[in-house]
Amino acid sequence: MEKTERRSVRRVFQRTVAHSEQGRYIEIPFDVPEHTEELTISYSVESFGEARAIIDLGVRDTERVRGWSGGARREFRIGLENATPGYIPGKMTPGSWAVLHNAYRVPKEGGQVTVTVEVFLKTYRWLKGDLHTHSVHSDGFYSLEENAAIMEQLGCDFIAMTDHNAISQNQAYPRNTAMVMIPGMEFTTNYGHSNFLGVAEPLNDFRVENQTDVKERIHTAHERGARIVLNHPHCDLCPWEWDFNVEFDWIEVWNGPWTDRNARALQWWQEQLVSGRQLVAVGGSDVHRPDPYVKHAMPCTWVYAETKTVKGILDGVGKGHVCISYAPEGPFVELHAGTYRTGDSIPKEEQEQIIAITLMSSGLLPGDQIRWISERGLVREVVHPTEVTETVALKIQGPEWIGLRFVRVEIWRHFAEVDQMLVAALTNPVYFEQS
């Protein structure tokens, strides 16, 4: 579920339809403003006589008929990447659009249609989903439709089905879903795995024999627009054993349930941050089949994105606007520093104006440990009190962070199922420019 209220413009139109208009097409014009992401249209028909009025439904954009459902639907939606069957997703060109009606049958007394048009504008908000899953297109159990349905039931917004060296899933994604389907492929070699996200066909041939081949394949995927994630780099069974000096963008620090392999990846990421590298951390369930522990969106990757689209989500990840929680229900955590947030770099000249770094969180439980971490290690640790609150704001004041190069947060929780303290959530850093 989106964590920020979407901005929208809603209008209601009423149009009387006379019997003399039976058999004609009627337009109800409305304006689509700049920066539109999605629109929804619904309608109802009232008959002024005993006979039932039958009025069909469709829509045109500024250039063409964009969809038609006749009398089969009472509502539909059109977005940049998804739409109700019968309607075409894509560019939301600003200008004069129109709801289309076919006055198929109108009683002698006439009738009336009431049309509700709601236009949703591009709005930065937190979206959540899973960047690493599998399907029947490789060694997974779930069909594409099943994966999408499970994620919808969890209240998520996006999924990447990253099948092993396969791209056929990218051509077969279901359209009748509100889920954003991120094209993907898990580049699977004998000495390490990585996800290629954002393009349907990142490679012509996945086979490699040496480091040079690996660099060439990753370079090709990059040239085609893919974002590269090194997956479970310190896994016991399939770690990244190639040279780390490849063109990767992001690192998967959290793969499936929290275990030692993730702890090692987290430590490696911390070392990269300490060295001065601004490397984005993401998570992925790596779900293949029904399992009591490995489940969809566990962990759950949260992305602050302008649009609920492939580009909007991946652009958000690229900016480091990413937090990770162990499950879709949270806990959710994000950092604020004045007008800056998780993943941002604060210019040197503006740092004195920042009074505090604030952690905004929800879903914390009594006993949760909030750990503030920098290049110097643990800056502060706070134990969440016994009172349960919906939203918590915790701050570290200027003297605590002045001189640091970055600050990030980990939430540790006791999980009774395994009787251990494990990571329940973490943020990417806020960075402080040094010159």
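Residues numbered from 1 in each chain as written. Predicted model: local features only at pLDDT ≥ 70, side-chain atom pairs only at ≥ 80, totals over all residues. Heavy atoms only, no water.

### A word on the packing of aromatic side chains
Within the structure shown, the criterion is met by 14 aromatic pairs. What links up through ring pairs into an aromatic cluster is the set Y124, W126, W302, Y304 and F332. (Phe/Tyr/Trp six-rings, centres within 6.5 Å; stacked < 30°, edge-to-face > 60°.)

### Points about the side chain of Q351
Checked against the element boundaries, Q351 lands in the loop between β21 (345-346) and β22 (356-362). Among residues more than four places away in sequence, those in contact with Q351 are I346, W401, F432 and E433. (Helix = DSSP H or I, 4+ residues; strand = E, 2+ residues; numbered from the N terminus. Contact = heavy atoms within 4.5 Å.)

### Remarks on unusual backbone geometry
Geometrically, the link from M298 to P299 is a cis peptide bond, its omega value of 10° lying close to zero. Cis peptide bonds are those with omega within 30 degrees of zero, and the linkage from G330 to P331 qualifies with 5°. If you trace the backbone, P331 turns up in the loop between β18 (322-325) and β19 (332-337). Despite not being glycine, H35 shows a phi value in the positive range, around 65°. Tracing the backbone shows H35 in the loop between β2 (25-32) and β3 (36-47).

### Thoughts on the pattern of salt bridges
Throughout the structure, instances matching the rule amount to 16 salt bridges. The closest approach of N and O atoms between D157 and K308, which form a salt bridge, is 3.7 Å. Pair noted here: D157 is in the loop between α1 (144-153) and β10 (158-161) and K308 is in the loop between β17 (300-305) and α5 (310-318), with a separation of 151 residues, a long-range link. Neither D157 nor K308 differs from the other in exposure class; each is buried. In this structure, the salt-bridge partner of D368 is R413, at a minimum N-O distance of 2.8 Å. With D368 in the loop between β22 and β23 (369-374) and R413 in strand β26 (residues 406-415), the pair connects residues that are 45 residues apart, well separated along the chain. (Salt bridge = Lys/Arg side-chain N within 4 Å of Asp/Glu carboxyl O. Buried < 20%, exposed > 50% of the residue type's maximum accessible area, 1.4 Å probe, protein only.)

### Some thoughts on the pairing of β26
The two faces of a sheet get side chains in turn, since along a regular strand they alternate between them. Counting buried residues along β26, nine of its ten residues qualify, which places the element largely inside the surrounding structure. Relative to strand β28 (residues 430-432), β26 is paired through two bridges, and the arrangement is antiparallel. Bridge pairing in β28 links F406 to Y431. Across six bridges, β26 lies against strand β27 (residues 420-427) in antiparallel orientation. Note that in β27 the partner of W412 across the bridge is V423. (Pairing = 2+ DSSP bridges.)

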